[in-house]
There are 2 protein chains.
Amino acid sequence: MDKPLDKIMNDTTRDINKFLSHHMDQYSLGNGQFGILYEVSKEEGISQEVIAQRRNVGKSAVAKSIKRLIENGYLYREKDEIDRRAWRLYCTDKGKNMIPIIINLIEIVKKLLTNGSSEEEIKIFRKVIERMSQNIEEYFEGIEG
Amino acid sequence: MDKPLDKIMNDTTRDINKFLSHHMDQYSLGNGQFGILYEVSKEEGISQEVIAQRRNVGKSAVAKSIKRLIENGYLYREKDEIDRRAWRLYCTDKGKNMIPIIINLIEIVKKLLTNGSSEEEIKIFRKVIERMSQNIEEYFEGIEG
């Protein structure tokens, strides 16, 4: 019998995260954290709220990751000059030095995930997984609505 | 720009697990636990080691889940008559009563993950995700070997 789809997705996602941890743990950068660091490097001064939106992650999870990134000296934050309740995030030099390493890692991951598959197959893969997400989302909307 | 594949896989897997938790938390059955319970129901007397192998999960993670399943009254264990170091696992009545609920849930998940996609698309999806796993595995073999 075929392995259930949810099981195979769980396993593969775990493998990917294991791969990322393997490379990032040495820098005290947990999963999610280097993604946020990369996000800030692309848009210095970005706010925590925008990052949470873009990465589709809960606010408290993002807040926790950012706290770690600041503690470990990768990011610093400054109060917004106009909206004094908002914080703007910036990369430190240590943070900036990580960016080429992160970009390289993103490239390796991309290759590991696409090697051996045609562009057409990856396109179908994306379409199927997006449908999955949408179906689950609609399910939750249905029971909440 | 397209969302990175690892990100979309992480998000969708998280959604699936959120869905499963939503249905299973009321029974104090965490992710992974009801899969193990289902495995035992299909083969009463199965050992912890075989479950870990079949589910491709670390031994300590499986041991932890089984401990919870026993504490919550879903499983019980007995010493193997021949190999006295090995334990055999069995479903309690409470465990057996969960099986139709679990089978129903597995069916719903399957529908949520395949609705809107053709059989051919799902086949390609499986092929691509299996290649991903294999690529990552080979990567780790390469750096360990």
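Residues numbered from 1 in each chain as written. Chains lettered and ligands numbered in written order. Predicted model: local features only at pLDDT ≥ 70, side-chain atom pairs only at ≥ 80, totals over all residues. Heavy atoms only, no water.

Undergrad: Talk me through the relation of the copies chain A and chain B; I want residue IDs and the actual numbers.
TA: When chain A is fitted onto chain B, the two copies agree to an RMSD of 0.0 Å after a turn of 180° and an axial shift of 0.0 Å. With respect to symmetry, the two chain copies, as superposed, fit the operation of a two-fold axis. Of every C-alpha in chain A, the one belonging to A:Phe125 sits nearest the axis of rotation, 2.5 Å from it. A high fraction, 100%, of the interface residues of chain A reappear at the interface in chain B, so the copies pair face to face through one surface. (Least-squares fit on C-alpha atoms with pLDDT ≥ 70 in both. Contact = heavy atoms within 4.5 Å.)

Undergrad: How would you sum up the side chain of A:Asp80? Please name residues and give values.
TA: All names here are of chain A. Residue placement: Asp-80 occurs in the loop between strand S1 (75-79) and strand S2 (87-91). In terms of polar contacts, Asp-80 uses its side chain to reach the backbone amide nitrogen of Ile-82, at 2.7 Å. When neighbours within four sequence positions are excluded, Asp-80 is seen to be in contact with Ala-86 and Arg-88. (Helix = DSSP H or I, 4+ residues; strand = E, 2+ residues; numbered from the N terminus. Polar contact = N/O pair within 3.5 Å; in protein donor to acceptor, adjacent residues only side chain to side chain.)

Undergrad: Run through the nonpolar core, naming residues and quoting values.
TA: With 74 residues, the main nonpolar core has A:Leu37, A:Phe125, B:Leu37 and B:Phe125 as its most contacted residues. The residues contacting B:Phe125, other than those within four sequence positions of it, are A:Leu5, A:Met9, A:Phe125, A:Val128, A:Ile129 and A:Met132. (Core = buried A, V, L, I, M, F, W, Y, C linked by side-chain atoms within 4.5 Å. Buried < 20%, exposed > 50% of the residue type's maximum accessible area, 1.4 Å probe, protein only.)

Undergrad: Requested: an account of the pattern of salt bridges, with residues and values cited.
TA: Residue and element names in this part refer to chain A. Following the criterion strictly, the structure yields 21 salt bridges over all chains and no others. Of the charged contacts, one joins Asp-11 and Lys-3 as a salt bridge, the two residues approaching to 3.2 Å between their closest N and O atoms. A relative accessible area of 4% places Asp-11 in the buried class. Given a relative accessible area of 35%, Lys-3 falls into the partly exposed group. (Salt bridge = Lys/Arg side-chain N within 4 Å of Asp/Glu carboxyl O.)

Undergrad: Would you mind going over helix H6 (residues 119-144) of chain B in detail, with residue names and values included?
TA: Residues separated by three or four positions in an α-helix point in the same direction, a consequence of the helix having 3.6 residues per turn. Taking 1.5 Å per residue as the helical rise, H6(B) with its 26 residues ought to reach 38 Å, and the 37 Å between its terminal C-alpha atoms agrees with that figure. Listed as buried for H6(B) are B:Glu121, B:Ile122, B:Ile124, B:Phe125, B:Arg126, B:Val128, B:Ile129, B:Met132, B:Ser133, B:Asn135, B:Ile136 and B:Phe140. Looking at the buried side of H6(B), the elements it contacts are helix H1 (5-24), helix H5 (93-114) and helix H6 (119-144) of chain A together with helix H1 (5-24) and helix H5 (93-114) of chain B. (Expected span 1.5 Å × (residues − 1).)

Undergrad: Residue-level account of the interface of chain A and chain B, with values.
TA: The interface is formed by 49 residues belonging to chain A together with 49 residues belonging to chain B. Across the chain A to chain B interface the summed buried area is about 4,900 Å²; carbon plus sulfur atoms make up 64%. Of all residues in chain A, A:Leu5, A:Phe125 and A:Arg126 give up the largest surface area on contact with chain B, accounting jointly for 13% of the area buried on that side. Counting across the chain A and chain B interface gives four salt bridges. Summed over the shared surface of chain A and chain B, the result is 23 residue pairs in polar contact (both at pLDDT 80 or more). Residue assignment for the side of chain A that touches chain B shows that the elements contributing at least two residues are H1, H5 and H6 of chain A. Residue composition of the side of chain A that touches chain B, by class: 21 nonpolar, 13 polar and 15 charged. (Buried area = accessible area lost by both parts, 1.4 Å probe. Nonpolar A, V, L, I, M, F, W, Y, C, P; charged D, E, K, R; others polar.)

Undergrad: Describe the packing of helix H2 (residues 33-42) of chain B against H5(B), with residues and values.
TA: The relative placement of two packed helices is expressed as an angle between their axes plus a distance between the axes. All names here are of chain B. Between H2 and H5, the least distance of the axes is 10 Å, while the angle of their chain directions is 115°. Between H2 and H5, the interaxial angle falls into the category roughly perpendicular. Crossing geometry of H2 relative to H5 is assigned as left-handed. Counting all contacts with H2, which are made through Phe-34, Leu-37, Tyr-38 and Ser-41, the residues of H5 involved are Gly-95, Met-98, Ile-99, Ile-102, Ile-103, Leu-105 and Ile-106. Grouping the amino acids of the contact of H2 with H5 by side-chain chemistry returns nine nonpolar, two polar and no charged. (Axes fitted to C-alpha atoms, helices over the stretch in contact; angles between N-to-C directions. Parallel < 35°, antiparallel > 145°, perpendicular 65-115°, else oblique. Left-handed = near helix turned anticlockwise from the far one by under 90°.)

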